[in-house]
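# Fold and geometry: a report
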Amino acid sequence: MIDLRSDTVTRPSAGMKQAMIEAALGDDVFGEDPTVLELQDEIAALLGKEAGLFVPSGVMSNQLALRVHTNPGDEVVLEAGCHIANHETGAAGALSGVQLLAIKGENGILEPVEVERAIRSGYYWEPNPSLICIENTHNQAGGVVYPLDVILDIGQIARNRDFSYHLDGARLWNACAASGISEAEYAAPFDSISVCLSKGLGAPIGSVLVGSKTFIERAHRFRKMYGGGMRQVGIIAAAGLFALRNQKKDLDNDHRNARRLADGLAAIESFSLDPASVETNIVMFDVRGGYDALGVLKVMKTNGVLMVPFGPKTIRATTHRDVDEASIDEAIQILSGLL
Ligand SMILES: Cc1ncc(COP(=O)(O)O)c(C=O)c1O
């Protein structure tokens, strides 16, 4: 099976398993797991922030940020296709009591002028906007990299109004690999950043939330409240550290493979996409004519290729470290003869 459903399907590499076996461990609820502390410090430093918090998932990381930055009745401004608004089970309302003001971006990218226009004027009967969130890279828009100048302009809007500014950087590593911009440069305008270790980097579990010491102290308390206090979790943090130090450099391969896949798919009559739109490891394409995404995915599966639906006629393929160039070529060959 050539599994292109997500970059989360990777298995731990041999070196990663060894690092997990050798990890120094302690009880992290007592703050005594040296490997967790090392991972948190290393990622906080890389992103230029004071402190970090290891959490089980990207969803928990984002939701902790929302919980700390807002009060019930507040409004969070974000892009309509983002993960927080579409793929986090309505947690923002359920856990933080906030509502979301979702603005349609241009290919996933919020336009600062639209953000400015959407922000309410402050009448007491309105919800209170207090946080702006950005997603880089933008998953639903096809792994698009947020332009740094747009991030800075929106950051300025947040500053001017005393809002907090959060980055869902589940795939920030991909944005850095594609643009050459460092993690710290991307992170600088934000009050908090969530990064995932379990996507392109190839760790089995884990995300890290970073921000100021005070922010992380509060997030730490809510992590416990949400049931995310873990014990000898250095065994997983070791996988994250290994991924960060040894596997980040391989993301360029995933991006090359995504472009190769996009070129191959574009040459197939039944599919429609612009290969030039592929910036990182995600390829979004439409099925033409009378076909629908679910039907096509079913046929793909019986022929040994897995992808996921992202709309009635839209399919997402994601490259990752467990598919090589040969598998991409094989997938293209299978799909060429399919419909
Ligand atoms: C942009 C983005 N943010 C957050 C998440 C959530 O990560 P997790 O699956 O670890 O909860 C994902 C997962 O795919 C994602 O794509």
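Residues numbered from 1 in each chain as written. Predicted model: local features only at pLDDT ≥ 70, side-chain atom pairs only at ≥ 80, totals over all residues. Heavy atoms only, no water.

## Comments concerning the sheet that holds strand E2 (residues 51-55)
Taken in spatial order, the 7 strands make up an open sheet running E2-E8-E7-E6-E5-E3-E4, and their pairing is mixed. Strands with a single pairing partner mark the edges of an open sheet, and in this sheet they are E2 and strand E4 (99-103). Going from strand to strand, the sheet's axes swing by 20° on average, the running direction of each strand aside. With 5 bridges joining them, E2 and strand E8 (residues 207-211) adopt antiparallel strand pairing. Of the residues in E8, the one forming a bridge with Phe54 is Val208. (Pairing = 2+ DSSP bridges. Helix = DSSP H or I, 4+ residues; strand = E, 2+ residues; numbered from the N terminus. Axes fitted to C-alpha atoms, helices over the stretch in contact; angles between N-to-C directions.)

## A look at the site of the ligand
Around the ligand sit Ser57, Gly58, Val59, Asn62, His83, Glu88, Glu135, Asn139, Asp168, Ala170, Arg171 and Lys199, and those are all the residues in its vicinity. Between the ligand and the protein, one listed contact pairs an oxygen atom with a backbone N or O atom of Val59 at 2.9 Å. The side chain of Asp168 places a nitrogen or oxygen atom 2.7 Å from a nitrogen atom of the ligand. Protein contacts shield 83% of the accessible area of the ligand, which totals 390 Å² for the unbound molecule. (Near = heavy atom within 4 Å. Polar contact = N/O pair within 3.5 Å; in protein donor to acceptor, adjacent residues only side chain to side chain. Areas by Shrake-Rupley, 256 points an atom, 1.4 Å probe, with all protein chains shown as cover.)

## Examining the packing of helix H2 (residues 34-46) against helix H11 (residues 234-247)
The contact between H2 and H11 brings their axes to 8 Å, and the two run at 35°. Regarding H2 and H11, the two cross each other, and that crossing is left-handed. Contact residues: H2 offers Thr35, Val36, Glu38, Leu39, Glu42, Ile43 and Leu46, while H11 offers Gly234, Ala237, Ala238, Gly240, Leu241, Leu244 and Arg245. For the contact of H2 with H11, the per-class residue count stands at 8 nonpolar, 3 polar and 3 charged. (Left-handed = near helix turned anticlockwise from the far one by under 90°. Contact = heavy atoms within 4.5 Å. Nonpolar A, V, L, I, M, F, W, Y, C, P; charged D, E, K, R; others polar.)

## Considering the packing of aromatic side chains
For the coordinates displayed, the defined rule picks out 5 aromatic pairs. Ring plane angle 75° and centroid distance 5.3 Å describe the contact between Tyr124 and Trp125, whose orientation is recorded as edge-to-face. When its relative accessible area of 75% is taken as the criterion, Tyr124 is described as exposed. By relative accessible area, which is 60% here, Trp125 ends up exposed. Here Tyr165 and Phe190 contribute two aromatic rings whose centre-to-centre distance is 4.1 Å and whose plane-to-plane angle is 25°, an arrangement assigned as stacked. (Phe/Tyr/Trp six-rings, centres within 6.5 Å; stacked < 30°, edge-to-face > 60°. Buried < 20%, exposed > 50% of the residue type's maximum accessible area, 1.4 Å probe, protein only.)

## Observations regarding the nonpolar core
Of all hydrophobic cores here, the largest spans 56 residues; its most connected members are Ile43, Phe54, Val115, Ile132, Leu172, Tyr186 and Ile193. The leading source of residues in this core is H11, at 7 residues. (Core = buried A, V, L, I, M, F, W, Y, C linked by side-chain atoms within 4.5 Å.)

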